[in-house]
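# Results of the structural survey
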Amino acid sequence: MPTMHEEHGVGLAVNVGDGLNLLAVDAVLSNLETLGLARTLGLIRETLHMCRESVEGQAMELGWIRHDVVPPEDDAYFVMSTKKTGWYTCISPCRIGAV
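Procedures and definitions
Residues numbered from 1 in each chain as written. Predicted model: local features only at pLDDT ≥ 70, side-chain atom pairs only at ≥ 80, totals over all residues. Heavy atoms only, no water. Axes fitted to C-alpha atoms, helices over the stretch in contact; angles between N-to-C directions. Helix = DSSP H or I, 4+ residues; strand = E, 2+ residues; numbered from the N terminus. Parallel < 35°, antiparallel > 145°, perpendicular 65-115°, else oblique. Contact = heavy atoms within 4.5 Å. Nonpolar A, V, L, I, M, F, W, Y, C, P; charged D, E, K, R; others polar. Salt bridge = Lys/Arg side-chain N within 4 Å of Asp/Glu carboxyl O. Buried < 20%, exposed > 50% of the residue type's maximum accessible area, 1.4 Å probe, protein only.

The N-to-C vectors of helix H2 (residues 10-29) and helix H4 (residues 37-66) enclose an angle of 170°; their axes lie 9 Å apart at closest approach. Overall, the two elements H2 and H4 adopt an arrangement that is roughly antiparallel. Only Thr-40, Leu-43, Ile-44, Thr-47, Met-50 and Cys-51 of H4 make contact with H2, whose side of the interface consists of Asn-21, Val-25, Val-28 and Leu-29. Looking at the contact of H2 with H4 residue by residue, the class counts come to seven nonpolar, three polar and no charged.

So, in structure tokens, the structure goes:
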């Protein structure tokens, strides 16, 4: 099936992603009484960290695309993919589970 950005445009797809991040923070805040203040703040900090890492990785890739550059060293790609995808797919879920 087509991806959201192909079906509805990049702007809407980005907006939906931003909205989903807000819903995640809202879900944590709605459980403040159950989780307690320290755990709730820890979860919000982890979510913000994940967003920051993902945005940085996406910015790296978009910069390469814009300038038609492929970094010659493998480490550059590993850093980008870890930031762009690794944080929200693997690292943050594990860290949030630990909190």
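Having put the structure on the table, let's press on.
Let's shift gears to the pattern of salt bridges. Considering all chains together, one arrives at four salt bridges under this definition. Here Glu-46 ties to Arg-95 by a salt bridge, and the two come within 2.7 Å at their closest N and O atoms. In this pair, Glu-46 is assigned in helix H4 and Arg-95 in helix H5 (residues 74-98), connecting sequence segments 49 residues apart. We note a salt bridge from Glu-53 to Lys-83, for which the minimum N-O separation is 2.6 Å. With Glu-53 in helix H4 and Lys-83 in helix H5, this pair connects stretches of sequence that are 30 residues apart. An identical accessibility class is assigned to Glu-53 and Lys-83; each is buried. In the salt-bridge network here, residues are joined through shared partners; they are Glu-53, Glu-56 and Lys-83.

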